[in-house]
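Per-entry structural report
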Protein chains: 2
Amino acid sequence: MSQADKIESTDTLSPGEPSSSNGGNSSTKLEDETKNELELAAVLVSDAQYNRNIFFETSPQGVRLYMLYNHWGMKVLLYTFIIVNLALALFEDPALIPLPIWVTLVAELICLTVFTARLIHYAKVIPHQKFWKDPKNICIIVIILLTLVDMIIYGSMKAADYYGVRWSRVLRPLFLVNVTEGRQLRRAFRSIRNALPQILYVFLLFIFTVLMFSLMALKLFGKRGLVTSEGRQYFTDYLEIVFELYVLVTTANSPDVMMPAYNASFFFAVFFIVYILINTYIFMSVFLAVVYNNYKKYLKEEVRQLVRAKRNKMVRAFRVLQETWGGEPRVTQARWNQLVRMVQPGLSNSHRELLWCVSDVDKKGYIGKMAFIQLADLLNIQVITVKSRTHPLQNWLPGLYSSAASRFICRMVLHKAFVYAYDVIIVVNAVFIGLDEENSLISNVEWVFLGLYMLEILLKLYTFEPRAFFAKHQFWNWFDTIIVVSALIATIINSALRSSGGYTSRQILDIIFILRVLRLIRIVDSIERFRTILNTLIKIGPAILTFGQLIIVVYYIFAMVGMELFKVTHVSARIFFVLFHIVVVIIIINIFVAFVLEAFFVEYTVAKSDLQSSLEKKIEELELGVEQDKLENSLIEDMETQDNDLGPSETTKEKPSLMFRIASRRYKTVDGLLQKIFEADLSPEDNADDEDPDSPLNPDCSIPNPVYDSI
Amino acid sequence: MSQADKIESTDTLSPGEPSSSNGGNSSTKLEDETKNELELAAVLVSDAQYNRNIFFETSPQGVRLYMLYNHWGMKVLLYTFIIVNLALALFEDPALIPLPIWVTLVAELICLTVFTARLIHYAKVIPHQKFWKDPKNICIIVIILLTLVDMIIYGSMKAADYYGVRWSRVLRPLFLVNVTEGRQLRRAFRSIRNALPQILYVFLLFIFTVLMFSLMALKLFGKRGLVTSEGRQYFTDYLEIVFELYVLVTTANSPDVMMPAYNASFFFAVFFIVYILINTYIFMSVFLAVVYNNYKKYLKEEVRQLVRAKRNKMVRAFRVLQETWGGEPRVTQARWNQLVRMVQPGLSNSHRELLWCVSDVDKKGYIGKMAFIQLADLLNIQVITVKSRTHPLQNWLPGLYSSAASRFICRMVLHKAFVYAYDVIIVVNAVFIGLDEENSLISNVEWVFLGLYMLEILLKLYTFEPRAFFAKHQFWNWFDTIIVVSALIATIINSALRSSGGYTSRQILDIIFILRVLRLIRIVDSIERFRTILNTLIKIGPAILTFGQLIIVVYYIFAMVGMELFKVTHVSARIFFVLFHIVVVIIIINIFVAFVLEAFFVEYTVAKSDLQSSLEKKIEELELGVEQDKLENSLIEDMETQDNDLGPSETTKEKPSLMFRIASRRYKTVDGLLQKIFEADLSPEDNADDEDPDSPLNPDCSIPNPVYDSI
């Protein structure tokens, strides 16, 4: 790569900035430069992979500072302090667990210091003008300042024994929204804000309907002298009626509100039936429809921008690494390997080689821009490396492990009847759990069950290779082991306590009960259809977490406002309830439902993405594939192959010692799911859109997954 | 058309049946034959238009019997008796309005007689073997027989003063499903049945979750000796807990169930939060997703078959009418006109000519098969014929009506300020309605408002041509007039009663109140955005009616079973509630929501159908168009043109006396909406699929709306 090339490519990143490479000649300098380039490219690829959109300083120091900023430890630290900051409300007046004021104030001060430090770090990473233009930074600064002011006022008020309000607590959840990592949350809020105008009109019509019905109710029931079951006057005050009818939409007060009128005349039931039909059924459905429609529309636009930004970052990374040979810019395998090693150090060599095979279909030893660009998406596909290892017992005690008895045990464990037997045990266990545990017979039976579960785990460990059994993706194995071992430990402690002094800790018993019941969940995994549904739920789980944060933000703000409000007055309670209902039920819950709907449809209908299937194809091509639902069977086969592996004559074809399988489409990031949702709707131009003015618009650009062209 | 042709075409309809045309020669016979042919074709087109799928006897007598069967009067009669039959429950023991047993029994007997007569009529219309193969006919026969048996048993039991159960009442709503006209309802039930297996698995998983949580609740809370607010033991019985937690999913008992545990320890709140999160939010969303997805999938298949059947019927009608000239079968304008006149006698000549223009684009005087086929869809597009008529006052009192004062009044009424003024009046009126009407001042003010509203209507009638003002599609004009005139009459009667004897009828007052409040709805029409939402709701209204019937069927059956059940026992109440919740909430309501969602998306996003726009294009081409939102303005222009029409020199271009506009896309039939929903998904082959083996598969077939090809 020529010097001029490199300078140009750096220039396109941040024009006007002094290039780091100013004509040094010594080999150390060149190595340094290569390292700097690689680091820059790695950061760009990593940004593209996780859809980060930060314009960092491209000097080597800037890149390193930025890499530190993105370090997972920093993020864990940040989120820990955000949670501490939010949790402070539990210890503040009116406290669940009261602590002295100075403790909470000091804790909050520490949190604020951490947030400030993180913000200063961010300010060093990105250009100054970018920092001050970004509203989320300004937002954090304002929140910190306001909180400090509030703390000072509140502290001095308390010191002087005056009554003070900690109003800045309302601002705490906003940290969750405004930190750099709150991208998804900000996007969700943005989508809501954009959908608001449409929702507003339907909402106004809904309110109009409620007002009309209330007026009718006032005229129909007001003069009849009806009384409620508590003897109060029924439907005589207009605002009272409006509130009661609004609550009726949620059906929370349905029998109480209707009965007096219904008792007066049967025909008044018609009034309430029509009301519930219009406002509960039709309007709530329309709300869902409008929210769903608008939310989807704006989210699609956001995802489109996301895909575009990702592509731009990958193009920039390619520019940094490219070498021009024969007029065509390309990246060699060696550089690519260095890059991937830097981007994802945990990636196994074999996995990396697989990715290279997918990128470099023609085995030329280098790849062009279009093949390079898809690296970010390739890295997001979870590939599980299945290594067929020999069982340690086979190594230590080969004679015993290969004996007929041992092989019988293995075959027994692998038999379907073994699974069924344990399903029956679980069901019987469920019945025993339901019985009274103070009966000594039943509490003794519990030991039997514990023993049976332990036996199951040990047998499986005997049959399967332990490292394969406890692989990252073996969710149920981990689940079983943790639950059973914890239950064992807790039961032993409990028995020890009881036998020593007859004393039983309520807490430990609670934990034992919860563990026992959780153990029963395992049966879900035995039923094929249940597993499918559960897997779908688990797949959309991470995406649902974003909504969890959204709900936390909204609930926290409402809780804080409500706490202060109800200290002062009890009249505003209704307005507060209605507001809460509007925000949470009509907007947030509907968006949540809309999201679940959409994610489910995607899971049920859309075929696997092109890119992923190209990876799968490659795996199949190389005969390295392990079909997902046959994983256990293939583990068996591996075992048996090894068992029989007394001479090379017996095995007709040597199995490769390394196999891959694509993890069931679990989305590493919410963005992945979103991109998937809108994949069909994104026009090819969005993927091909090239914002660099100097790049020639080559025709290949319009194909999102160019690997397919050459296949 | 040759004799041989005709026989062949009749043969394809029902092979083996003797053809009605056996070689007669006299002109009367030929005329008869033409009439028979036309009648057959008309019935086929009408069947295609309304998506009826009945294989009637094609003999002239059969066709006439079938036409009688489809007569609207017959249907009104049938549905009246179905409603009477359903309403009998109000008068039977346990009665709301008790009637002697013999009255209800005789009424039911009359209903059954009507249903039997209708069924015999149907048996005469269709071939015998078809009749006995159709499960819905068998169903009706069984229901009638069972009901008769039940009536006899019940009657004799009652006569002997024994206790009897009218169990056959449960079967009554099934008439609604099984009559020929219950197509949509049957389709809805079929879709539900097909979606059930998928729903079942999710439901089982949901029940499993509830059982698990119940077990956990039993272990956690059962031994703590907690009591509910009513002092009962809390969470000690497993089945009790299961029921309480199931109800908690609906949030109906949310604070009562949670409070005892929450009072015992704050941390138990986590249990309920997790439970509500999983079961109320996630599972209910998943239910909606699964129901929506499956329902849509199966419905799409049904609609596809519908479109195919429609096309086949049109092809058959074409065969009956076709004449072969130059090797190409075609239908002349004269025959087409006769046909359309017979299919829809109410259609104006101008409207018919417009439809012909759209079909015969090249003005050849005849049309081919593809152009003929679209007639059924063309007839389903509501075209409103706008005739510009002279105001009657202009004819009777031309001097007065054209005077400056009269023209000032007209201009005033047409001014926007007039609308605003009445909006203000409505708002002020709303305030007065809310005030106490026993105050004599306020009751007098009501007269003022009534007068103002009457004045508005009279002024509008003065300005607009009365027949145009009261045109079929002028919903709000009809609404206003009916409400105001009814209120006027009721108020006068009330005043008369009061002044005569000081006596006020509560019923009349109730009616007046309802009318007064309903008047206020008018304000919705003044606000553009509200009108849009309301129109969308009105448009999907007829489709929602199908679901109304579905809900009536389900509720009625549950009500009847519940009534008999609760007479005998009070223990089964919970199982009954859970069943009701499963059927109504989880299945029916979700399908309802799914339907509203889908219909709303269609209204919001899909462009007008191709066929409709071709009609609109034609209207524009012929300069006969009146843009919908400019209708009132164009009426004004017409008025002013007429006002100024003192000499032909003043009007630059004579306006045609007749104008058309496409009614806002309101669906005449539910099928129309469904077809629209799945329009994008229906492949062209579905439209082109030709089941007649003898028709040449011409390449034009693959275009659904062939008019577009020639444009």
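Computed from a prediction, not measured in an experiment: that's the story for all the values here. (Residues numbered from 1 in each chain as written. Chains lettered and ligands numbered in written order. Predicted model: local features only at pLDDT ≥ 70, side-chain atom pairs only at ≥ 80, totals over all residues.)

Below, the discussion takes up the overall build of chain A. A tally of helices and strands in chain A yields 32 helices and 5 strands. For chain A, the residues scored as buried account for 28% of the 711 residues in total. Counted over contacts in chain A with a minimum sequence separation of 6, partners at least 24 positions apart contribute 74%. (Helix = DSSP H or I, 4+ residues; strand = E, 2+ residues; numbered from the N terminus. Buried ≥ 20, exposed ≤ 12 C-beta atoms within 10 Å, placed from the backbone. Contact = placed C-beta atoms within 7 Å.)

Another aspect to go through is the pairing of strand E2 (residues 328-332) of chain B. Residues and elements named next belong to chain B. The sheet contact formed by strand E1 (residues 323-325) and E2 spans 3 bridges and is antiparallel. Residue Thr-324 lies in a different strand from E2, and its bridge partner there is Pro-329. In this structure, E2 lies alongside strand E3 (residues 366-367), joined through 2 bridges in antiparallel fashion. The residue bridging Thr-332 from the neighbouring strand is Tyr-366, located in E3. (Pairing = 2+ DSSP bridges.)

For the rest of this paragraph, the subject is the relation of the copies chain A and chain B. Between chain A and chain B, the superposition needs a rotation of 180 degrees and an axial shift of 0.0 Å, giving an RMSD of 0.1 Å. Read as a symmetry element, the transformation amounts to a two-fold axis. By C-alpha distance to the rotation axis, the residue of chain A lying nearest is A:Ala252, at 3.1 Å. Both copies contact each other with a shared surface, as 100% of the interface residues of chain A are interface residues in chain B too. (Least-squares fit on C-alpha atoms with pLDDT ≥ 70 in both.)

Residues and elements named next belong to chain B. Spatial strand order, E1-E2-E3: 3 strands in an open sheet with antiparallel pairing. Single-partner strands in this sheet number two, and they are E1 and E3. Seen against the sheet, helix H13 (residues 333-343) touches E2 and E3 and runs at an angle of roughly 55 degrees to E2. (Axes fitted to C-alpha atoms, helices over the stretch in contact; angles between N-to-C directions.)

Further remarks concern the interface of chain A and chain B. Opposite the 42 residues of chain A that make contact, chain B presents 42 residues. Secondary-structure elements contributing two or more residues to the side of chain A that touches chain B are helix H9 (183-221), helix H12 (268-321), helix H20 (416-434), helix H24 (506-520), helix H26 (528-568) and helix H27 (573-605) of chain A. In terms of residue count, H9(A) provides more of the side of chain A that touches chain B than any other element does, 10 residues in total.

As a further point, take the nonpolar core. If you look at the biggest cluster of nonpolar residues, it comprises 143 residues, and the most contacted ones within it are A:Val596 and B:Val596. For this core, the leading source of residues is H9(A), giving 16 residues. If we skip the residues at most four places from it in the chain, A:Val596 touches A:Ile540, B:Ile282, B:Ser285, B:Val286 and B:Ala289. Formed by 39 residues, the second largest nonpolar core is a distinct cluster that contains A:Val358, A:Ala371, A:Ile373 and A:Ala376. (Core = buried A, V, L, I, M, F, W, Y, C linked by C-beta atoms within 7 Å.)

What follows covers helix H24 (residues 506-520) of chain B. For H24(B), which comprises 15 residues, the first-to-last C-alpha distance of 22 Å matches the rise-based estimate of 21 Å (1.5 Å per residue) to within 8%. The complete set of buried residues in H24(B) reads B:Ile512, B:Phe513, B:Arg516, B:Val517 and B:Arg519. An end-on view of H24(B) places all buried positions within 150 degrees of arc, on one side of the element. At its buried positions, H24(B) is contacted by H9 of chain A together with helix H20 (416-434), helix H21 (440-463), helix H23 (475-501) and helix H25 (522-526) of chain B. (Expected span 1.5 Å × (residues − 1). Arc of directions from axis to C-beta.)

Moving on to the sheet that holds strand E1 (residues 323-325) of chain A. All names here are of chain A. The strand order E1-E2-E3 describes an open sheet built from 3 strands, whose pairing is antiparallel. Whereas interior strands pair on both sides, the edge strands pair on one side only; in this sheet they are E1 and strand E3 (366-367). Packing against the sheet, helix H13 (residues 333-343) makes contact with strand E2 (328-332) and E3, and its axis sits at approximately 55 degrees to E2.

As a further point, take unusual backbone geometry. You will see that B:Asp161, though not glycine, has its phi angle at about 60 degrees, which is positive. If you trace the backbone, B:Asp161 turns up in the loop between helix H7 (135-159) and helix H8 (173-178).

For the rest of this paragraph, the subject is the packing of helix H19 (residues 404-414) of chain A against helix H21 (residues 440-463) of chain A. When two helices pack together, their arrangement is given by the angle between their axes and by how far apart the axes lie. All names here are of chain A. At their nearest, the axes of H19 and H21 sit 9 Å apart, and the two run at 115 degrees to each other. At the point where H19 passes H21, the crossing takes the left-handed sense. In contact with Ile-409, Cys-410, Val-413 and Leu-414 of H19, H21 contributes Leu-459, Lys-460, Tyr-462 and Thr-463. When its residues are assigned to classes, the contact of H19 with H21 shows 6 nonpolar, 1 polar and 1 charged. (Left-handed = near helix turned anticlockwise from the far one by under 90°. Nonpolar A, V, L, I, M, F, W, Y, C, P; charged D, E, K, R; others polar.)

Residues and elements named next belong to chain A. Secondary-structure assignment places Cys-111 in helix H5 (residues 101-125). Sequence spacing of Cys-111 and Ile-144 is 33 residues, and the spatial spacing of their C-alpha atoms is 9.9 Å. In this structure Cys-111 touches Phe-81, Val-84 and Asn-85, once residues within four positions along its chain are discounted.

Moving on: the environment of A:Phe221. Residue and element names in this part refer to chain A. Relative to the helices and strands, Phe-221 is located in helix H9. Accessibility expressed as a C-beta count within 10 Å gives 20 for Phe-221, which makes it buried. Separated by 10 residues in the primary sequence, Phe-221 and Leu-211 place their C-alpha atoms 15 Å from one another. Residues within four places of Phe-221 in sequence aside, it is in contact with Leu-226, Tyr-234, Phe-235 and Ala-261.

For the rest of this paragraph, the subject is the packing of H20(A) against H24(A). All names here are of chain A. Interhelical geometry of H20 versus H24 gives an angle of 150 degrees and a closest axis separation of 9 Å. When the interaxial angle is binned, H20 and H24 end up roughly antiparallel. The two elements H20 and H24 meet at a crossing, and its hand is left-handed. Counted together, Ile-426, Asn-429, Ala-430 and Ile-433 of H20 and Arg-516, Val-517 and Leu-520 of H24 form the full contact between these two elements. Here the residues of the contact of H20 with H24 sort into 5 nonpolar, 1 polar and 1 charged. (Parallel < 35°, antiparallel > 145°, perpendicular 65-115°, else oblique.)

Once that is clear, we can look at the confidence of the model for chain A. All names here are of chain A. Considering every residue of chain A, the mean pLDDT works out to 76; 78% of them sit at 70 or more. Note that pLDDT drops below 50 for residues 626-657; the model gives that stretch 26 contacts with residues more than four away or on any other chain. Predicted as a complex, the structure gets a pTM of 0.74 and an ipTM equal to 0.74. (pLDDT = per-residue confidence, 0-100.)

Moving on, we come to the environment of A:Phe267. Residue and element names in this part refer to chain A. On the secondary structure map, Phe-267 appears in the loop between helix H11 (254-264) and H12. Assessed through the 12 C-beta atoms surrounding it within 10 Å, Phe-267 is described here as exposed. It is 58 Å that separates the C-alpha atoms of Phe-267 and Ile-442, two residues lying 175 residues apart in sequence.

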